[in-house]
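Summary of the model geometry
Next come the chains, spelled out residue by residue.
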Amino acid sequence: MGAGKDGRPVRDNYMTRSFPIEKLKNISSVKNDLTVLRHMWFGSKKGDDHAARLESFYGPQAAAYDAFRARFLWGRKPMLAACAARLADRSNMIWVDLGGGTGENVDMMAKYIDLSRFKAIYVVDLCHSLCEVAKRKAKAKGWKNVHVVEADACTFAPAEGMATLVTFSYSLTMIPPFHSVIDQAVSYMAADGLVGVADFYVSGKYDLPMRQMTWGRRFFWRSIFDIDNIDIGPERRAYLEQKLERVWEQNCQGSIPYVPWLRAPYYVWIGRRPTVGHALHEERVERPPMFPPTFLYTQSWEDPEPDMQVMEINRNDTVLTLTSGGCNALNLLVEGAGQVVSVDCNPAQSALLELKKVAIQQLDFEDVWQMFGEGVHPRIDELYEKKLAPFLSQTSHNFWSRRLWYFQHGLYYQGGMGKLCWVLQCLAAVLGLGKTVRRLANAPTLDEQRRIWDSNFIIHFVKNGPKLLVWLFVKFVSLVLFNKAVLWFGGGVPGKQYALIKADGIPIEHYIARTMDGVAENSHVRKQNYFYYNCLTGKFLRDNCPTYLREAGFSALKGGLVENLTVSTNFFMEELKARIYTKVILMDHVDWLDLHVAQLLAETLFRQVAPGGIVIWRSASLRPPYADLIQKAGFDVRCIRRADEGYMDRVNMYSSFYMARRKGSKKE
């Protein structure tokens, strides 16, 4: 018993105390879900025509339809986001949602685009009960431009003109005469209109690589959906691609409520009227053996300044480069290259560069700066869903959709080298060198930087301490931090490259000491060396960063230059064979190859590089043995710099830098 405001006793509501409102809601939700599942699994479709059969199936579950489908129809949001992203600059549009059911797609679309941008929105469905829910929803939401039409999608046409957008959200597989409904939709689609489809699917026996399924999966899922008269075979998508041109698609799988382990396959597809040319398809790629499941490099580890001094970049160039972190591929475009092809056999490196490219295309400078300058963005989930994911390839989307937390914890502490930098920063903090590292990174002048570096007790000990103790200390550090496993997974140094260093008679610890000491003594980290500033702090500065993160470079790329970038996941040799190039950047790629493969590469370079074209590379070796192979193949080869002659460049990580010019007349 309790007391009311007037002092009289009031009986407690036992049900309210025992079952709080949230618990009652949960019980109600489960009850509604079970109602939906009962009609999905055990309900029969009765009626003399398709409308009657739809009503018998959906009528009893109409009230609970939206809540359940939100945890089942995973393709709706990415489909709507992809459409909205491509219509972002338009207004006065007409949208026809065929098989629109309860109008939930309209409610979802409001998250991605202002609904007032549509002159008219038609929600078309043949099921009376679902249309009634849609009408009540439109009235409750105050949607004045939304028209709920109970009609056959095969005969419907909008009264107000040609449609800017036509969508099929998990409805095309439920329309038996799919040829007719697609033909009808195309008939009233505007010349610059889009068709968006999200639905369940199985592949054909022989299908595109990203769609392909095993026989078992094809049989299982088609049989399961066929029980409910839902045909998820490949015929509908094939007919779409006969009538329209594919712009973008994703093939995914999603969970099913109350069904553990099983994940139903679904696709998202965006199409338009055919243009000149043909739609490209994406190849399925896998990371090579021994590569980590993420990227090795978050930034490019070759200094582009000496490259530009010898490459004679111009707008007639077609340049082939390794991707690495992608910064230098973007720099080539800013420097004036006509076309840049960036290739890497690690799909994670391609995913990183593709994300940079799409971010430049779709975001403003401040968002790009936060993502790739600071390495952290507080709204990364929203930006990704609305502006980035709709334009990524499936491989890149598969990679990034599970790793958006990189931009919450710091992008530049991820990947192989990122983790190594994080470990070294932690080690410095444990040794009491945290403040010294920060002072070194932010030294106002090069002289001050040198003073901090030379006065550090570890550096002082190594240079001036007892030889035996120094030797023991260096060997211990080398064993722990510079063993082959750490060098590969943390630094991207493979075994063959490690062997080249040893062949020069240089212990690995001396090689790394030469690298670090050269940078500290010759390159001002705070003002001139964004490579090592990033390593020491996990971010860039606006006046100390790659070209694409400077406002002028970003504006040039966003103004159209970035469209001239091709990102390819492939082996270098295969991409080299694909076209003729005027410039090729090998980076340190040939260090990774056996000599007989290097010989083949040299011969292929001669065939694929235009006469007068330039090839450059770096090596961990002072005198890489393959330089002679490239020369014999038909190039004039010269060494630009060598580490035993002094400081190399801002990275200072390689022992030599070479340039080769392809012999022969340009008329060949």
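Below is a summary of the structure that appears in this document. (Residues numbered from 1 in each chain as written. Predicted model: local features only at pLDDT ≥ 70, side-chain atom pairs only at ≥ 80, totals over all residues. Heavy atoms only, no water.)

1. Focus on the overall build of the protein chain
Under the convention used in this document: Strands are runs of DSSP state E lasting at least 2 residues, helices are runs of H or I lasting at least 4, and numbering of each runs from the N terminus. The cut-offs for exposure are 20% and 50% of the maximum accessible area for each residue type, with area from a 1.4 Å probe on protein chains only; residues under the lower value are buried, those over the upper are exposed, and the others partly exposed. Pairs of residues are marked as contacts when any of their non-hydrogen atoms sit within 4.5 Å. Only the protein chains shown count as cover for residues, with accessible areas throughout obtained via the Shrake-Rupley method and a probe of 1.4 Å.
Assigned secondary structure in the protein chain consists of 31 helices and 16 strands. In the protein chain, which comprises 668 residues, the proportion classed as buried is 53%. Of the contacts made within the protein chain by residues no fewer than 6 positions apart, 73% connect residues no fewer than 24 positions apart. Summed over all atoms, the accessible surface of the protein chain reaches about 30700 Å², with 57% contributed by carbon and sulfur.

2. Some details on the packing of aromatic side chains
This is how it is decided: For Phe, Tyr and Trp, where Trp contributes only its six-membered ring, two rings pair if their centres lie within 6.5 Å, and the inter-plane angle classes them as stacked under 30 degrees, edge-to-face over 60, or tilted in between. We call a charge positioned over a ring when the NZ of a Lys or the CZ of an Arg lies within 6 Å of the ring centre and within 35 degrees of the ring normal.
Taken as a whole and judged by the stated rule, the model has 29 aromatic pairs. Consider the rings of W301 and F531, whose centres lie 5.9 Å apart with planes at 40 degrees: the pair is tilted. Placement of W301 in the loop between β9 (259–272) and α11 (304–311) and of F531 in helix α27 (residues 530–537) is noted, with a sequence separation of 230 residues between them. Each member of the pair, W301 together with F531, is buried. By the ring-pair criterion, three or more aromatic residues cluster together here, those being F295, F372, F399, W400, W405, Y406, F407 and Y548. Across from the ring centre of Y511, 4.7 Å away, lies the NZ or CZ of R514, which sits over that ring. Sitting over the face of the ring of F657, R618 holds its NZ or CZ atom 4.4 Å from the ring centroid.

3. Considering the sheet that holds strand β5 (residues 146–150)
For clarity, the threshold we go by: Strand pairing is assigned whenever DSSP identifies at least 2 bridges connecting the two strands. Geometry is summarised by axes, namely lines fitted to C-alpha atoms with helices restricted to the contacting stretch, and by angles between N-to-C directions that run from 0 to 180 degrees.
Overall, mixed pairing links the seven strands, which are arranged β5-β4-β3-β6-β7-β9-β8 in an open sheet. Across the chains shown, the open sheet's two edge strands, defined by having one partner strand only, are β5 and β8 (245–256). Each strand axis lies, on average, 15 degrees off the axis of its neighbour in the sheet, ignoring direction. Relative to β9, helix α9 (residues 215–226) is tilted by about 90 degrees, and along the sheet it contacts β7 (189–200), β8 and β9.

4. Structural notes on the sheet that holds strand β16 (residues 656–662)
In spatial order, the strands read β12-β11-β10-β13-β14-β16-β15; together these seven strands make up an open sheet with mixed pairing. Either end of the sheet is taken by a strand with one partner, and the two such strands are β12 (565–569) and β15 (635–642). The mean angle between the axes of side-by-side strands here comes to 15 degrees, regardless of whether they run parallel or antiparallel. Two elements, strand β10 (residues 318–322) and strand β13 (residues 581–585), share three bridges in a ladder whose sense is parallel. For V319, the partnering residue across the bridge sits in β13 and is K583. Together, β10, β11 (339–344), β12 and β13 form the strand contacts of helix α12 (residues 327–334), whose direction differs from that of β11 by roughly 175 degrees. Strands β11 and β12 of the sheet are contacted by helix α13 (residues 347–362), whose axis makes an angle of about 160 degrees with β12.

5. Quick notes on helix α20 (residues 446–455)
Note the following rule: Comment: arc refers to directions from the helix axis out to C-beta atoms.
The set of residues buried in α20 consists of Q449, I452 and W453. Projected down its long axis, α20 shows its buried positions confined to an angular sector of 95 degrees, all on one face.

6. Concerning the pairing of strand β14 (residues 609–619)
β14 sits mainly inside the fold: 10 of its 11 residues count as buried. As defined by bridge partners, β13 adjoins β14 across four bridges and the pair is classed as parallel. Within the sheet, the bridge partner assigned to I585 lies in β14 and is I616.

7. As for the packing of α13 against helix α14 (residues 365–374)
Here is the rule: The cut-offs work like this: below 35 degrees is roughly parallel, past 145 is roughly antiparallel, 65 to 115 is roughly perpendicular, and the gaps in between are oblique. Handedness of a helix crossing follows the sense of rotation of the near helix relative to the far helix, less than a right angle counterclockwise being left-handed and clockwise being right-handed. All amino acids are sorted into three groups, where Ala, Val, Leu, Ile, Met, Phe, Trp, Tyr, Cys and Pro are nonpolar, Asp, Glu, Lys and Arg are charged, and the leftover types, Gly among them, are polar.
Where α13 meets α14, the closest approach of the two axes is 9 Å, and the angle between their N-to-C directions is 155 degrees. In terms of orientation, α13 and α14 fall into the roughly antiparallel class. The two elements α13 and α14 cross, and the hand of that crossing is left-handed. Residues L352, L355, K356, A359 and I360 of α13 lie in contact with α14, whose contacting residues are V368, M371 and F372. In the contact of α13 with α14, the residues fall into seven nonpolar, no polar and one charged.

8. What to know about the side chain of D367
Put simply, the rule is: Counting of polar contacts relies on pairs of N or O atoms within 3.5 Å, with two restrictions inside protein: one atom must be capable of donating a hydrogen and the other of accepting it, and residues adjacent in sequence are counted only when both atoms are side-chain atoms.
With respect to the helices and strands, D367 occurs in helix α14. Separated by 3.3 Å, the side chains of D367 and R379 make a polar contact. Those residues in contact with D367, other than ones at most four positions away along the chain, are H377, R379 and L383.

9. Things to note about the nonpolar core
Where we set the bar: Definition of nonpolar core: a set of buried residues of the types Ala, Val, Leu, Ile, Met, Phe, Trp, Tyr and Cys, connected through side-chain atoms within 4.5 Å.
One finds F372, W400, V584, L586 and W617 to be the most contacted residues of the largest nonpolar core, which totals 99 residues. Among the elements that line this core, the one with the most residues is α13, at eight residues. Once residues within four sequence positions are removed from consideration, W400 is found in contact with F295, A351, L352, L355, Y384, L392, Y406, F407 and L411. Counting residues in each nonpolar core, the second largest holds 76 residues, with M93, V166, Y188 and I256 among its members.

10. Some words on the environment of S300
By the element assignment, S300 lies in the loop between β9 and α11. The residues touching S300, leaving out its near neighbours within four places in the chain, are T323, S324, G325, G326, C327, N328 and F531. Engagement of the side chain of S300 in a polar contact is seen with the backbone nitrogen of C327, the distance being 3.2 Å. For S300, the side chain forms a polar contact with the main-chain nitrogen of N328, separated by 3.4 Å.

11. Topic: the pairing of β7
What counts here: Clockwise travel from the first strand over the helix to the second, with the strands pointing away from the viewer, marks a crossover as right-handed.
Among the 12 residues in β7, 10 count as buried, and that is most of the element. Between strand β6 (residues 163–169) and its parallel partner β7, the chain crosses via helix α8 (residues 178–187), and the hand of that crossover is right-handed. Direction of pairing for β7 relative to β9: antiparallel, over a ladder of six bridges. Considered in β9, the bridge of G196 is made with I270.

12. Some words on helix α30 (residues 595–608)
Rule in force here: Expected span, for any helix, means 1.5 Å times one less than how many residues it has.
For α30, which comprises 14 residues, the first-to-last C-alpha distance of 20 Å matches the rise-based estimate of 20 Å (1.5 Å per residue) to within 8%. Within α30 the residues assigned to the buried category are A598, L601, A602, T604, L605 and Q608.

13. Quick notes on the state of the cysteines
Threshold: Two cysteine sulfur atoms form a disulfide, by the criterion used here, when they sit within 2.5 Å.
Scanning the model with the defined rule gives zero disulfides in all. Between C131, a cysteine without a disulfide, and C127, which holds the nearest cysteine sulfur, the sulfur-to-sulfur distance is 6.9 Å. By relative accessible area, C131 is classed as buried at 1%.

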